Amino acid sequence: MPTIRLVNITKQFAKGSKAVDNLNMVIKDGEFVSLLGPSGCGKTTTLRMIAGLETPTEGEIYFDDVCVFSDEKGINLSPDKRNIGFLFQNYALWPHMTVRKNISFGLENMKWPKEKIEARVDEICKTMRIEEYKDRYPAELSGGQQQRVAIARTLAPEPKVLLMDEPLSNLDAKLRNDMRAELKRLHLNTGSTFVYVTHDQSEAMTLSTKVALIKLGLLQQYCPPLELYGEPANVFCADFMGNPSMNFVECHGKKEGKKIDLTTQSFECKFTPNDEIDVPEEGEYVLGIRPEFVNISDEGLEARVISSLPSGMETTLSLAVDDITLSAVAFGSVDFAMDSTVKFNFSGNRYVLFDKATGEKLSLGSLEIIK
Ligand SMILES: Nc1ncnc2c1ncn2[C@@H]1O[C@H](COP(=O)(O)OP(=O)(O)OP(=O)(O)O)[C@@H](O)[C@H]1O
Ligand SMILES: [Mg+2]
């Protein structure tokens, strides 16, 4: 399986701004990489450039040491020479062909010998757990089964790289969950490199070995999902990951030795950075607090419960601390009365301090309430 390397890849369509702006990315052998970001950020364009279905305006693409695209060297390998599988959002199966035929058709076109095709179809149907449906027509299958056939068809020629563009977006929530598990298992079993486009942060979180978060054609952060969640590079990344989303509290900071005293609209606290950071004597910051790090407890700051949404496993709270609203998550089967008063404190060292002007992360650290 090859390592895919994108070097200074830019795509500018005839009209409009850059759909992809100077993208540098290495997708290692066997990885499951998600391209994540809001609508229009350039995910599909990036995927299509890897596939060879779209020509970059500038840059180079390598599969291992083989250059498949270079604007300077005038190289542009056609999609069929790149040995990739492509699964689109609308995975139309051929309605007049059985499942078996849907899968074998491509192999026949590639002039595979008959016995090899049969063996491969059997094998891939087993992997995708659609053996019993081999002689059915697509219309006789559920959405999830059709989806599995589509994946089987894409995997049948043994592509070294599987590119998927929101392949689960047409499925209902339950099926989508099942298919996520299926894809993860498939990734393990095949050892192929997966590049997966989604705008759903929880999908990217749960599936990928690495997530590339993109905003307006610009790569914001490229790292394992938990790192993206826990150590976001900037406010955009922090805000995009997690549901309920991170709380952002604007504050004024005064340096006190290695610590920073933060004054928000309604409370004051001391921030102790995990790493040494170089900040001015005074500055403007945004404090990022994940809802699960607002701990409801017997002591601490008082807050009024604006809403309480118990889901069984946990309860999502909206708390008013004077003029600031914080979301919090309380674990377990608990409920809180509307307008009741609760207390909360902070613990651990996963609070994030951002520079207000640039939105960039300065450091993670711990928080101590002063008043
Ligand atoms: N053929 C095209 N001609 C002109 N502009 C295009 C073309 N294809 C895409 N774009 C523009 O490039 C940008 C990126 O589009 P792209 O389809 O890659 O976004 P995306 O991240 O996949 O979005 P979505 O989540 O909505 O599918 C958009 O602003 C889009 O309008
Ligand atoms: Mg798209």
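Everything numeric here is computed off the predicted structure, so don't read it as measured data. Within every chain, residues take consecutive numbers counted from 1 along the sequence as written. All chains are assigned letters beginning with A, and all ligands numbers beginning with 1, in the order in which they are written. Local features in this predicted model are restricted to residues whose pLDDT is 70 or higher, and side-chain atom pairs enter the listing and the counts only when it is 80 or higher, whereas totals over whole chains, interfaces and linings include all residues.

**Q** Which residues make up the overall build of the protein chain, and what values do they have?
**A** Scanning the protein chain for helices and strands turns up eight helices and 22 strands. In terms of overall dimensions, the protein chain has a C-alpha envelope of 75 × 50 × 35 Å along the principal axes. Put plainly, a residue is buried at 20 or more neighbouring C-beta atoms within 10 Å of its own, exposed at 12 or fewer, and partly exposed in between, counting only other residues' C-beta atoms, which are placed from the backbone. Looking at the protein chain residue by residue over its 371 residues, the buried ones come to 35%. For the purpose of contact definition, each residue receives a C-beta atom placed from its backbone, and two residues are in contact when these atoms lie within 7 Å. A separation threshold of at least 6 residues defines the contact pool for the protein chain, and within that pool the share at least 24 residues apart is 64%. Helix and strand labels come from DSSP, where a helix needs a run of H or I of at least four residues and a strand needs a run of E of at least two; each type is numbered from the N terminus.

**Q** Outline the nonpolar core, listing residues and values.
**A** Side chains that are nonpolar tend, in soluble globular proteins, to be buried together. In this structure, Ala152, Leu163, Val195 and Ala212 are the most contacted members of the largest nonpolar core, which totals 91 residues. The leading source of residues in this core is helix α4 (residues 143-155), at five residues. An automatic or database domain assignment is the source of the domain bounds shown. Looking at which domains feed residues into this core, each of domain 1 (4-239) and domain 2 (244-369) gives three or more. Dropping the residues within four chain positions of it, Val195 is found in contact with Ile27, Val33, Leu35, Leu47, Ile50, Val161 and Leu163. A set of buried residues drawn from Ala, Val, Leu, Ile, Met, Phe, Trp, Tyr and Cys, joined through C-beta atoms within 7 Å, is what defines a nonpolar core.

**Q** Describe the environment of Cys223, with residues and values.
**A** If you trace the backbone, Cys223 turns up in strand β11 (residues 218-223). Beyond its immediate sequence surroundings of up to four residues, Cys223 is in contact with Lys210 and Leu228.

**Q** Can you tell me about helix α1 (residues 43-51), naming the residues and giving the values?
**A** Every buried residue of α1 is listed here: Lys43, Thr45, Thr46, Leu47, Met49 and Ile50. Count one or two residues on from α1 and you reach Gly52, which has phi positive near 95 degrees.

**Q** Provide a residue-level description of the environment of Lys73, including the pertinent values.
**A** Along the chain, Lys73 turns up in the loop between β5 (66-70) and β6 (75-76). Along the sequence, Lys73 and Gly59 sit 14 residues apart, while their C-alpha atoms lie 10.0 Å from each other.

**Q** Break down helix α2 (residues 99-109) for me, citing the residues and quoting the values.
**A** All buried positions along α2 are accounted for by Val99, Asn102, Ile103, Ser104 and Leu107. Lys111 lies just past α2 and shows a positive phi near 65 degrees.

None of the figures reported here should be taken as evidence of function without further support.
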